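Analysis of the macromolecular model
In case you want the letters, here they are:
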Amino acid sequence: MKRFLEMGRIGKAHGVKGEADLIWHGETVPEKGMEIFLEDASGLLPSPQIIRSLRRSNGRIFVAFEGVEDRTAVEKLRGKKVFADRETLPPLEEGEAYLADLPGWKVFLEDGEYLG
C-alpha cells in the first residue's frame, strides 16, 4: 500500500493573504495544523506543508499554509497535486477503500452504475 495518497490539488489563489482553493477528494476535510505534501516539478514529494488556516464557504474549501503569506506565493502552488500521509487520515470504515489501493479493480456505484 502506498504511504502517500493523492487527495486533491491546489486551485486558484483567493484574496491577498495567501489563501487558495483546495480541491479535496476525501470526505474528511483536513484540519489546521495538519501536514500535507505538494508534488514538486519532478513529481516527488518535498517537505510537508503545514496548514495555517482552513475554512469552508459556499461549498468550497480555502486553505493557507505556513510560510505562504501572499497571493504571489500561492499562485506558484496552483495546480499542484496534494498528498496526505495515510497515517494522518482517519481510519476507514468497513467496506471503504482509498482509490490508490484499488488499481485494476472495477468500481461500481451503489445503483450498479460502472464508475471505472
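A few points on the structure. Everything quoted here is computed from the prediction, not taken from an experiment.

**Looking at the overall build of the protein chain**
When its secondary structure is counted, the protein chain shows one helix and six strands. Reading the protein chain from its N terminus to its C terminus gives the helix and strand order β-β-β-β-β-α-β. The dimensions of the protein chain, computed from C-alpha atoms along their principal axes, are 45 × 30 × 25 Å. Burial analysis of the protein chain (116 residues in total) assigns 30% to the buried set. Long-range contacts, defined as pairs at least 24 residues apart, comprise 55% of the intrachain contacts of the protein chain with a sequence gap of at least 6.

**Some words on a positive patch on the surface**
On the surface, Arg-9, Lys-12, Arg-71 and Arg-78 cluster together to form a positively charged patch. Along the chain, the position of Arg-71 falls in helix α1 (residues 71-75).

**Here's the deal with the environment of Ile-61**
For Ile-61, the position within the fold is in strand β5 (residues 60-65). Ignoring sequence-local partners within four residues, the contact set of Ile-61 consists of Ala-20, Asp-21, Leu-22, Trp-24, Val-29, Leu-54, Arg-55 and Arg-56.

**As for the pattern of salt bridges**
Within the structure shown, the criterion is met by three salt bridges. A salt bridge links Glu-19 to Arg-55; the nearest nitrogen and oxygen atoms lie 3.0 Å apart. Of this pair, Glu-19 sits in strand β2 (residues 19-24) while Arg-55 sits in strand β4 (residues 49-57); the two residues are 36 residues apart in sequence, bridging distant segments of the chain.

**A short note on the side chain of Asp-21**
Summarising the element assignment, Asp-21 is placed in strand β2. Within the structure, the side chain of Asp-21 is placed 2.8 Å from the side chain of Arg-60, a separation counted as a polar contact. In this structure, Asp-21 is in contact with Arg-9, Ile-10, Gly-11, Lys-12, Arg-60, Ile-61 and Phe-62, ignoring residues within four places of it in sequence.

**Things to note about the sheet that holds β2**
Spatially, six strands are ordered β1-β2-β5-β4-β3-β6 in a closed barrel, and the strand pairing comes out antiparallel. Across this sheet, the average inter-strand angle for adjacent strands is 45°, counted without regard to direction. Taken together, the six bridges between β4 and β5 define a ladder with antiparallel strand orientation. For Arg-55, the partnering residue across the bridge sits in β5 and is Phe-62.

**Observations concerning the packing of aromatic side chains**
Scanning the model with the defined rule gives two aromatic pairs in all. Measuring from centroid to centroid gives 4.7 Å for Phe-4 and Phe-37, while their planes differ by 70°, and the two rings are edge-to-face. Here the residue Phe-4 occupies a position in strand β1 (residues 4-14), and Phe-37 occupies one in strand β3 (residues 35-38), the gap between them amounting to 33 residues.

**Some points on the pairing of β5**
Side-chain positions along a regular strand alternate between the two faces of the sheet. Here β5 lies mainly inside the structure; five of its six residues are buried. When β2 meets β5, the two strands line up antiparallel, connected through three bridges. Looking across to β5, one finds that Asp-21 is bridged to Phe-62. The antiparallel pairing of β4 with β5 creates a hairpin that spans two residues between the two strands, and Asn-58 there sits at a positive phi of about 50°.

The rules behind these values
Residues numbered from 1 in each chain as written. Predicted model: local features only at pLDDT ≥ 70, side-chain atom pairs only at ≥ 80, totals over all residues. Heavy atoms only, no water. Helix = DSSP H or I, 4+ residues; strand = E, 2+ residues; numbered from the N terminus. Buried < 20%, exposed > 50% of the residue type's maximum accessible area, 1.4 Å probe, protein only. Contact = heavy atoms within 4.5 Å. Patch = residues over 30% accessible without salt bridge, like charges linked within 9 Å, V, L, I, M, F, W, Y side chains within 5 Å. Areas by Shrake-Rupley, 256 points an atom, 1.4 Å probe, with all protein chains shown as cover. Salt bridge = Lys/Arg side-chain N within 4 Å of Asp/Glu carboxyl O. Lys, Arg positive; Asp, Glu negative; His and termini not counted. Charge placed at Lys NZ, Arg CZ, Asp CG, Glu CD. Polar contact = N/O pair within 3.5 Å; in protein donor to acceptor, adjacent residues only side chain to side chain. Pairing = 2+ DSSP bridges. Axes fitted to C-alpha atoms, helices over the stretch in contact; angles between N-to-C directions. Phe/Tyr/Trp six-rings, centres within 6.5 Å; stacked < 30°, edge-to-face > 60°.

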